[in-house]
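Listed below are the residues making up each chain.
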Amino acid sequence: MRIKISLIFSLLVCTVSMLQAQTSAVTVSGMIKGKADKTALPFVNIVLKTEKDSAFVTGTVSNEEGRFTLTNIKSGNYVLQFSYTGFASKSQPVLVGTLSSFLDLGTIELQQDAKQLQEVVVSSKQDDVSNKMDKKTYSVAANISQSGGSVLQTLKNLPGVTTSQDGKVELRGSDKVAILIDGKQTALTGFGSQTGLDNIPASAIERIEIINNPSAKYDANGNAGIINIIYKKNKQQGFNGKVGFTTGVGALWQKKANLPTIRPQYQATPKINPSLSLNYRKNKVNAFLQADWLYTETLNKNEFVTRTFDDGTIINQQTKRNRNTHFVTTKAGIDWSINNQDMLTVSGLFGIEKIIDRGDQPFFNKDYSNRLRLWQFLEDELKTTAVASVAYQHKFKQAGHLLNIGFNYTFHREDEKYNFVNTLPTYTGLDSFKLLSDEHVADFNIDYVKPLKYGRIEGGVKFRYRDIPTNMQFKPGINSPLDTNAGGAATYTEIIPAVYGNYVYESKKIEAEIGLRVEYVDLKYKVNPNHNTYKSDGYNYTQPFPNVRLAYKINDQNKISLFYNRRVDRPNEVDIRIFPKYDDAEIIKVGNPALRPQFTNSYELGYKTTLKKGYFYSALYHRSTEGTITRIATQVPPSTLIYTVFQNAGHSSNTGMEMVFQHDFSKAVSFNTNINVYRNIIDAFTVENKYPVPSIYTATKEQFTSGNIKLNGIFHLPKQTDIQITSIYLAPDIIPQGKIGTRFSVDMGIKKQIQKSKGELFFNASDIFNTLKIKKELNGNGFKLISTDYYETQVFRLGYSYKF
């Protein structure tokens, strides 16, 4: 009943607040020469006007070399007028589109003693929607209801983004999303899979880009798309910055009480997040610093599970995990403008994440009358990340003509210790293990961009070397359940050279973007030769990854686009890691060195229309994936242990429709509705889990229609006060071997500008009604598993920031 009341309330109240990306301003350039002798003409007067009413837009004069540049031009159709003593005046129509930030008009020739040409005029209108329908950009500061939280909490409120049952972000129902920081993959968020998003403070982030249809210039991994997280970086003259402090509390009341005989679950959990942003710019040097500390106590997991086996055995269990997290990140660097054409940027990022987990897992019989076992653990994990980057940019004399060269080195250490207390009716055992993993990644890239009169060309090369040695050491106690023969050393080595090219064309009615990326991948995974199940493995391939976008502009307000791209999702090191993980004593996760990449072909038809006070966007999409990567759970009778192992489960597809509608009712009220409806299909497949002994699992074809609705609303009150309300509803969906249930939450936030807009106060609450929980059903070979996770979702925060 409470969920129904909450849903009705949110549907009545909710309306939008995210900032939709605006069309970027464009720089127009060219060179002026005399027609007779082809010599450059300096100091030519150049005026840009609109054709509809001949309104003056901007003007300039050519330099000594005859070159000119006009900046901050909005999209539309214009006319350029050239006048010079001794030469006839000349007019030239100019289309300023939405696909390129720079347009080169090439060489304009003026005729001596010729009759002045009559002016030509064209209309101009800026598009309010994302310029190519392949990318949406959102300001983190505008997300009031998640201010002071983590990047993961911010992402879940953005249109088109949801979160999966294990805390990963999803785009259109898929968690195969590549996460970038400032346009680069780093160990902080994962090179192959998502990590750490719940521990990156949103206060460090300027904006977030969601790219559903990436071009060839991006790495090919991530079939659902790319999320690019842009750190704060100011370029104002002099010394300036921003300080902030956020505090909060979560888990104010229990969603579900513990089973008997275990330690209390966390309640009234504190959150603390101080942040500092500094910038100093003088002459040719710009220095920047962003530092954050995030401390949280969290009821990270509170899952209740019932396993029913074919022989009639029923086991009830609870997994409760109290987590303490300290996370410190610092990013600093210097931009040095060597001269007008050359810039060098040197930056570094350093992060330390300390995680302490205190977990309890009681196991009971069917009617809870007998405790069969108590598994308690203490996890002490330290993650250290260091990133060093060097970027050089050369600007050619032609505006927008660029050469970028970059080198990025990442070191990531995972130092993990587990200590277990295994209590059974007849004895108590003490067990432990230690895992050490050092990841080294070196990326080198060259990117080239040349503007054209009606678009641009771009191309580049990239080389990656990645090496991850890991070592697992088990220390068994009395009657230890640990598989000590599954430890030892393993090394993951990956080499990826790639080359890409991209061509962009735009006319008054037609837009086209065609690109191709070719990647070679050589992966080797060497494992301990004494491992009881797995042997060394690997793979290599050379594959093309094309992308195509074709668009037709019906008029200034309406556009249709067609997309196609091919992408890959390579298994990450943790997906093939050979060591069993015992944070759940009887549902044990193991990697699979034989895992192979999955390849996806994506198609999309998009339409957008600009309304008088908003916009409407819709897209039909289809993704077809071969070699679908997923975890498969199997049982090996007579044991009641369940092993979940990554497998390639054959073919799957995802077909759906996404709609976004934004409307400003008035200056005080606006709303945004995001609806996504899709059908997931997983074809029949058979796989063999080799660990701990070979076990065959066969699944029949599964298909299910699901979706989600997201409502965001913002209310602008007097005295610079804003209120935001966000409501999220996720329908039931299928997952391999089962399904996941309904999820629903309502968030709200309020902020007020003070101190002449230099200061800001905010208060927000996530999952106000404490309704969010995750219910799953799995069907395996000989068992059925039903689980509900009542983890912490409700958090109240209060924060203050000041700009100087």
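Computed from a predicted structure; not experimentally measured.

Participant: An account of the overall build of the protein chain is requested, with residue identities and associated values reported.
Facilitator: Within the protein chain, the regular secondary structure consists of three helices and 44 strands. Taken over the C-alpha trace, the protein chain has a radius of gyration of 29 Å; the compact-globule value for 804 residues is 28 Å, and the two agree within 12%. Projecting the C-alpha coordinates of the protein chain onto the three principal axes gives extents of approximately 105 × 60 × 50 Å. Among the 804 residues that make up the protein chain, the fraction classed as buried is 55%.

Participant: How would you explain a positive patch on the surface if you had to name every residue and give the values?
Facilitator: Positive charge collects at one region of the surface, where Lys256, Lys739, Lys773, Lys775 and Lys784 lie side by side. Tracing the sequence through the fold places lysine 739 in strand E39 (residues 738–740).

Participant: Let's hear about the nonpolar core: which residues, and what values?
Facilitator: Judged by nonpolar contacts, the single largest core of 51 residues is most densely connected at Tyr525 and Tyr582. Beyond its immediate chain neighbours, meaning those up to four positions away, tyrosine 582 contacts Trp375, Phe420, Phe433, Phe474, Pro481, Leu482, Asp483, Ile588 and Tyr691. Core analysis: the next-biggest nonpolar cluster, separate from the first, contains 27 residues, Leu158, Val169, Ile208 and Ile229 among them.

Participant: Outline the pairing of strand E19 (residues 371–395), supporting the account with residue identities and numerical values.
Facilitator: In the sheet, strand E18 (residues 342–364) pairs with E19 via 23 bridges, with the strands oriented antiparallel. By the bridge assignment for E19, leucine 344 is matched with tyrosine 392. The hairpin formed by E18 and E19 contains six residues between the paired strands, and tyrosine 368 there has a positive phi angle of roughly 65°. In terms of strand pairing, E19 meets strand E20 (residues 402–423) through 22 bridges, oriented antiparallel. Paired with alanine 391 across the two strands is glycine 406, which belongs to E20. Following E19, the chain reverses through six residues before pairing antiparallel with E20; glycine 400 in that reversal takes a positive phi of roughly 80°.

Participant: Which residues make up the sheet that holds strand E1 (residues 26–34), and what are the values?
Facilitator: Two strands in a sheet stick together by hydrogen bonds in their backbones, pointing the same way (parallel) or opposite ways (antiparallel). Strand order in the open sheet made by the three strands is E4-E1-E7, with mixed pairing throughout. Looking at the sheet topology across the chains shown, the edges are occupied by strand E4 (67–73) and strand E7 (102–110). Strand-to-strand twist in this sheet, taken as the mean axis angle between neighbours without regard to direction, amounts to 20°. Bridge analysis of E1 against E4 gives five bridges, and the strand direction is antiparallel. Residue pairing for E4: valine 28 is matched across the bridge by leucine 70.

Participant: Please give an account of the confidence of the model for the protein chain that cites residues and values.
Facilitator: Low pLDDT means the predicted atomic positions in that stretch should not be read closely. Put simply, the protein chain has an average pLDDT of 88, and 92% of its residues get 70 or more. For the stretch residues 1–23, pLDDT sits under 50, and the model shows 78 contacts to residues farther than four places along the chain or on other chains. Note on residues 114–131: pLDDT is under 50 here. Beyond four places in sequence and across chains, it has 66 contacts.

Participant: Summarise the pattern of salt bridges; cite the residues concerned and give the values.
Facilitator: Once the charged atoms of two side chains with opposite charge are near each other, the side chains can pair. Counted according to the given criterion, the structure contains 38 salt bridges. Here arginine 172 ties to glutamate 658 by a salt bridge, and the two come within 2.8 Å at their closest N and O atoms. With arginine 172 in the loop between strand E10 (169–171) and strand E11 (177–181) and glutamate 658 in strand E32 (residues 652–664), the pair connects residues that are 486 residues apart, well separated along the chain. By relative accessible area, which is 4% here, arginine 172 ends up buried. For glutamate 511, the salt bridge is made with arginine 549, and the minimal N-O distance between the two is 2.6 Å. With glutamate 511 in strand E24 (residues 510–527) and arginine 549 in strand E25 (residues 537–553), this residue pair connects regions lying 38 residues apart in the sequence. There is no split in this pair, since glutamate 511 and arginine 549 are both buried. Each of Asp219, Glu439, Asp443, Lys462, Arg464, Arg466, Glu494, Arg517, Glu519 and Arg570 takes part in salt bridges that share partners, so that together they form one network.

Participant: I'd love a proper account of the packing of aromatic side chains, names of residues and values included.
Facilitator: Throughout the structure, instances matching the rule amount to 26 aromatic pairs. Here the aromatic rings of phenylalanine 474 and tyrosine 582 are separated by 6.2 Å at their centres, their planes lie at 80°, and the arrangement is edge-to-face. Linking phenylalanine 474 in strand E22 (residues 455–475) with tyrosine 582 in the loop between helix H3 (573–576) and strand E27 (587–590), this pair joins segments that are 108 residues apart in sequence. Its relative accessible area of 4% is what places tyrosine 582 among the buried residues.

Participant: Account for the sheet that holds strand E12 (residues 205–211), with residues named and values stated.
Facilitator: As summarised here, the arrangement of the four strands in space is E8-E12-E13-E11, forming an open sheet in which the pairing is mixed. The sheet is open, and its two borders are formed by strand E8 (135–139) and E11, each paired with just one other strand. Between one strand axis and the next, the sheet turns through 15° on average, direction left out of account.

Participant: Explain a nonpolar patch on the surface residue by residue, including any values.
Facilitator: Where nonpolar side chains cluster on the molecular surface, the patch consists of Ile510, Leu550, Tyr552, Ile554, Ile560, Leu562, Leu605, Leu620 and Met657 and spans about 750 Å² of accessible area. Breaking the nonpolar patch down by element, the ones donating at least two residues are E25 and strand E26 (558–569). Among the structural elements, leucine 562 can be located in strand E26.

Participant: Report on the side chain of serine 215, specifying residues and quantitative values.
Facilitator: Tracing the chain through its elements places serine 215 in the loop between E12 and strand E13 (225–231). A relative accessible area of 8% means that serine 215 is categorised as buried. Leaving out residues up to four positions away in the same chain, serine 215 has contacts with Asn502, Glu513 and Asn547.

Participant: Could you give an account of unusual backbone geometry, naming the residues involved and the relevant values?
Facilitator: Following proline 637, the chain continues into proline 638 via a peptide bond in cis, with omega recorded as 5°. Within the element layout of this structure, proline 638 appears in the loop between strand E30 (629–635) and strand E31 (642–648). Here the residue pair tyrosine 691 and proline 692 is connected by a cis peptide bond, since its omega of 0° sits within 30 degrees of zero. Residue placement: proline 692 occurs in the loop between strand E34 (685–689) and strand E35 (695–699). With phi around 50°, aspartate 182 is a residue other than glycine that occupies positive phi space. Inspection of the secondary structure puts aspartate 182 in the loop between E11 and E12. Judged by its relative accessible area of 24%, aspartate 182 falls in the partly exposed class. Although it is not a glycine, asparagine 479 sits at a positive phi angle of roughly 45°. Looking at the secondary structure, you find asparagine 479 in the loop between E22 and strand E23 (488–506).

Participant: I'd like to hear about the pairing of E34, residue by residue, with values.
Facilitator: Where burial is concerned, the two faces of E34 differ: the one with Phe685, Val687 and Asn689 is buried and the one with Thr686 and Glu688 is not. The pairing of E34 with E35 spans five bridges and is classified as antiparallel. Across the sheet, asparagine 689 pairs through a bridge with serine 695, a residue of E35. Linking E34 back to E35 in an antiparallel pair, the connection comprises five residues.

Participant: How would you summarise the environment of isoleucine 728 if you had to cite specific residues and measurements?
Facilitator: Looking at where isoleucine 728 falls in the secondary structure, it is placed in strand E37 (residues 721–730). Given the relative accessible area of 6%, isoleucine 728 is considered buried. As a C-alpha pair, isoleucine 728 and asparagine 712 span 16 residues in sequence and 8.8 Å in three-dimensional space. Discounting residues that sit within four places of it in the chain, isoleucine 728 has contacts with Lys156, Asn157, Ile709, Lys710, Arg743, Phe744 and Ser745.

Participant: Let's hear about the environment of leucine 152: which residues, and what values?
Facilitator: With respect to the helices and strands, leucine 152 occurs in helix H2 (residues 151–155). With relative accessibility at 11%, the residue leucine 152 sits in the buried group. With 102 residues separating them along the chain, leucine 152 and glutamine 254 place their C-alpha atoms 23 Å apart.

What counts and what doesn't
- Residues numbered from 1 in each chain as written.
- Predicted model: local features only at pLDDT ≥ 70, side-chain atom pairs only at ≥ 80, totals over all residues.
- Heavy atoms only, no water.
- Helix = DSSP H or I, 4+ residues; strand = E, 2+ residues; numbered from the N terminus.
- Rg over C-alpha atoms; globule rule 2.2 N^0.38 Å.
- Buried < 20%, exposed > 50% of the residue type's maximum accessible area, 1.4 Å probe, protein only.
- Patch = residues over 30% accessible without salt bridge, like charges linked within 9 Å, V, L, I, M, F, W, Y side chains within 5 Å.
- Areas by Shrake-Rupley, 256 points an atom, 1.4 Å probe, with all protein chains shown as cover.
- Salt bridge = Lys/Arg side-chain N within 4 Å of Asp/Glu carboxyl O.
- Lys, Arg positive; Asp, Glu negative; His and termini not counted.
- Charge placed at Lys NZ, Arg CZ, Asp CG, Glu CD.
- Core = buried A, V, L, I, M, F, W, Y, C linked by side-chain atoms within 4.5 Å.
- Contact = heavy atoms within 4.5 Å.
- Pairing = 2+ DSSP bridges.
- Axes fitted to C-alpha atoms, helices over the stretch in contact; angles between N-to-C directions.
- pLDDT = per-residue confidence, 0-100.
- Phe/Tyr/Trp six-rings, centres within 6.5 Å; stacked < 30°, edge-to-face > 60°.

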